[in-house]
Amino acid sequence: MRLIIYTNAILIILGGGLLSSCLKKELYTGGKNDDGKEVSPTDNDGNKNRYIYPFREEKNGKEAEIIIELQSDQSIPENPIVSIPPLKYNKSLLFMLTQDDCKQSAFSMTWAAINGKPIDRSDIKRKYYYDIEHLETDDLPPNSYLLDKTLGSTDGFGNEVRFHFTSTLAPEWDFMDATTNVRKGFTENYFRFYMKSGLRWNNVIELVNDGNAIAFHDLNTAEVYNVDSLIKHFDLAQQITKKKLNGRNIKFLAEPNGNKTYLQAAFKFPAIQTMTAQTGADKLIPYQVNSSLNQKTLARVFVNHAAEVEKLVNDAAAKDVTNREAIHIGLHETDHDWAQFLLWLNNTYGKDGKDILWFPSQEEYYEYSYNRQYTVINSRIEGNKLRVKVKFPAQADFYYPALTLNINGVQMDNIKSISANETVTGLTYGNFDKGISINLDCREFIYEHAAQYVDRYLTKKSDANLLDAKYYINALKDSERKKNLFTRLGTN
C-alpha cells in the first residue's frame, strides 16, 4: 500500500471550501481603556526563574531494555513477536489540532479546557483572556468556570493521557515578551483580561511543559515570497525560541496564508522535519504508513464552527481502521464552543467514551511514526525471562522518546514481573489481544518534572494543582522515588 493517499480534490472541498487558508491579517492589539487608548500593563517581572523542562539536556538514540519474567512453571514461546502498532496505546482514531497565529487563547482556552483550568464563557459582548501569572494568583476573569474534568484518553490500562495540540509561535515579534498586569480583587475594570497581541513566552513555557508542541508560521519579513529571506528568518526565529525555551527547537511548520514559498524554504531548512498545509498536501491514513514521513506535508482542514468537526470525527470513526483517515483541524481563535467540542471528544471517543482516540500534536505523531520505522528491536530468551532491547534512532530535536510495544504469546496471568533498565522512566503494561502491550517512555527528566508539580501543589494546595501532581507522578514507572513523591503529597 502507498504511504499516503494523494487527494487534492477532497482537500479543496474540505479545506478550501470551508476556509481556503490562513488569510493574512493584522495581529490583534492589546487591551484598551474606555477612551480607546492602549493600556500599559505593569511589569510583574514574571519572566525570571520560571521552571521549564530541560530540553537541551535530553539525549537522542537511547537504548531501552524491558525484562519480562514468567512464573516458574511457565515458558516463553520460542519466537515471540515484538511489534510497534501504527498508533500509540493501540488506538485506532488519530486526531490532531494546530492553532495558528500565536493566539493567546491557545493558553487561556485550548490548554485551559484540556487541563481542567478556568475558561471564559465567551460572552458575545466581551471575551476575556488571562496569562499564567493570573492563574497562579487566582486573578481570573469574571464569570469564568470549569469543565469539572481534564480531557484526554487512556494509555490502554486506565492511566490518563491528556490531549496535546500545537500552537504556532511568533518569536520575532516583541509581543511575546510582553508583561502582564495582575490585580487580584480589582473589579473597577477588567482591562488586564483584554486580548493581547498573542501568546507570551511564559504561557508557551507552560504549554511545552505539558507536552504540547510549537510550530513556525508567519515570519517577520516583508519578503514572504523570497526563499532566501524565509530561510534567514527561520533561523532567527529558531535561535530566539531555543534561548527562550531551554534548548527546545522548532521542527514543525504550519503553512501561513496558503503561501507555498514557506514550504519551499522549509525543504532547504533541515531543522524543519514535518509540515502541514490546507491544499496540495498528503492525506494521512495511519494504518497505511509504512515509511518515513520526514519532510512530508500533511493535510489539515479549517472549519467555520467547532460543531462541524464532530461530523468529520464521526465519519472517520465509521470507517474500517485500515482506511481510517486522521483528522487534523487547523484553527485560529478558540472560544467556549471549542472547549465544548473538546469535552465532546473526551466523552465520546476519549477516556470517558469509547477510548479509541489518540490526540497528539503533529510533532508527537511524527516522532512516534518515525521511531516506529527506524527503532531497532532485539529480543532474546534467558530461561524464563524475555529480554527486549529497543534502540531509538538518534534523530535531532526529538522530544517524545516513547513507544507502545505489542508482544504475542504471553499473558499477564503467566508473568511474574515486568521491569526495565534506567533509560525507561515511564512504564505501563497489561493484556492486549493475544499477548501483552507495553508503553515505555524514555524522557530523562520526568521524575524531576513530576517533582516540580508536587512542589507547586505544596506551595499552593489547590485541587487543580493536586490533580496535576498526581497526573505527572502516575506517568512514572513504579519505584521508591515514585512512592516518595506520593508520600510528599500526603496521598496514596
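Residues numbered from 1 in each chain as written. Predicted model: local features only at pLDDT ≥ 70, side-chain atom pairs only at ≥ 80, totals over all residues. Heavy atoms only, no water.

*Asks:* Can you walk me through the sheet that holds strand E20 (residues 426-432) in this structure?
*Replies:* Hydrogen bonding along the main chain pairs the strands of a sheet, whether they run parallel or antiparallel. Pairing is antiparallel across the open sheet formed by four strands, whose spatial order is E3-E18-E21-E20. Bordering the open sheet on either side are strand E3 (82-83) and E20, each of which pairs with just one other strand. As paired elements, strand E18 (residues 402-408) and strand E21 (residues 435-441) share seven bridges and run antiparallel to each other. In the strand pairing of E21, Leu403 is matched with Leu440. (Pairing = 2+ DSSP bridges. Helix = DSSP H or I, 4+ residues; strand = E, 2+ residues; numbered from the N terminus.)

*Asks:* Would you take a moment to explain the pattern of salt bridges for this structure?
*Replies:* Overall, the coordinates contain 34 salt bridges when judged by the stated rule. A salt bridge links Lys482 to Asp478, with the nearest nitrogen and oxygen atoms 3.2 Å apart. The class for Lys482 is buried, based on a relative accessible area of 10%. Judged by relative accessible area, which is 64%, Asp478 ranks as exposed. One connected set of salt bridges, linked through shared partners, spans Glu65, Arg380, Glu382 and Arg387. (Salt bridge = Lys/Arg side-chain N within 4 Å of Asp/Glu carboxyl O. Buried < 20%, exposed > 50% of the residue type's maximum accessible area, 1.4 Å probe, protein only.)

*Asks:* In this structure, what is going on with the nonpolar core? I would like to understand it.
*Replies:* Taken as a class, soluble globular proteins show a tendency for nonpolar side chains to be buried jointly. Core analysis: the biggest nonpolar cluster contains 97 residues, and Phe95 and Phe341 have the highest contact counts within it. With 40 residues, the next largest nonpolar core counts Leu70, Leu293, Val390 and Leu403 among its residues. (Core = buried A, V, L, I, M, F, W, Y, C linked by side-chain atoms within 4.5 Å.)

*Asks:* Help me out: how do you make sense of the packing of aromatic side chains in this one?
*Replies:* In this description, a pair of aromatic rings is defined by centroid distance and the angle of the planes. Summed over the entire model, instances satisfying the criterion amount to 28 aromatic pairs. Consider the rings of Phe95 and Phe341, whose centres lie 5.8 Å apart with planes at 45°: the pair is tilted. Note that Phe95 is positioned in strand E4 (residues 93-99) and Phe341 in helix H8 (residues 336-348), a separation of 246 residues in sequence. Residue Phe95 shares its accessibility class with Phe341, and that shared class is buried. Chaining the aromatic ring pairs together yields one cluster made of Phe95, Phe163, Trp338, Phe341, Trp344, Tyr349 and Phe359. The side chain of Arg126 reaches across the aromatic face of Tyr194, ending 3.7 Å from its centre. The lysine or arginine in question, Arg183, covers the ring of Phe186, its NZ or CZ lying 3.7 Å from the ring centre. (Phe/Tyr/Trp six-rings, centres within 6.5 Å; stacked < 30°, edge-to-face > 60°. Lys NZ or Arg CZ within 6 Å of the ring centre and 35° of its normal.)

By themselves, these are just geometric observations and shouldn't be taken as functional.
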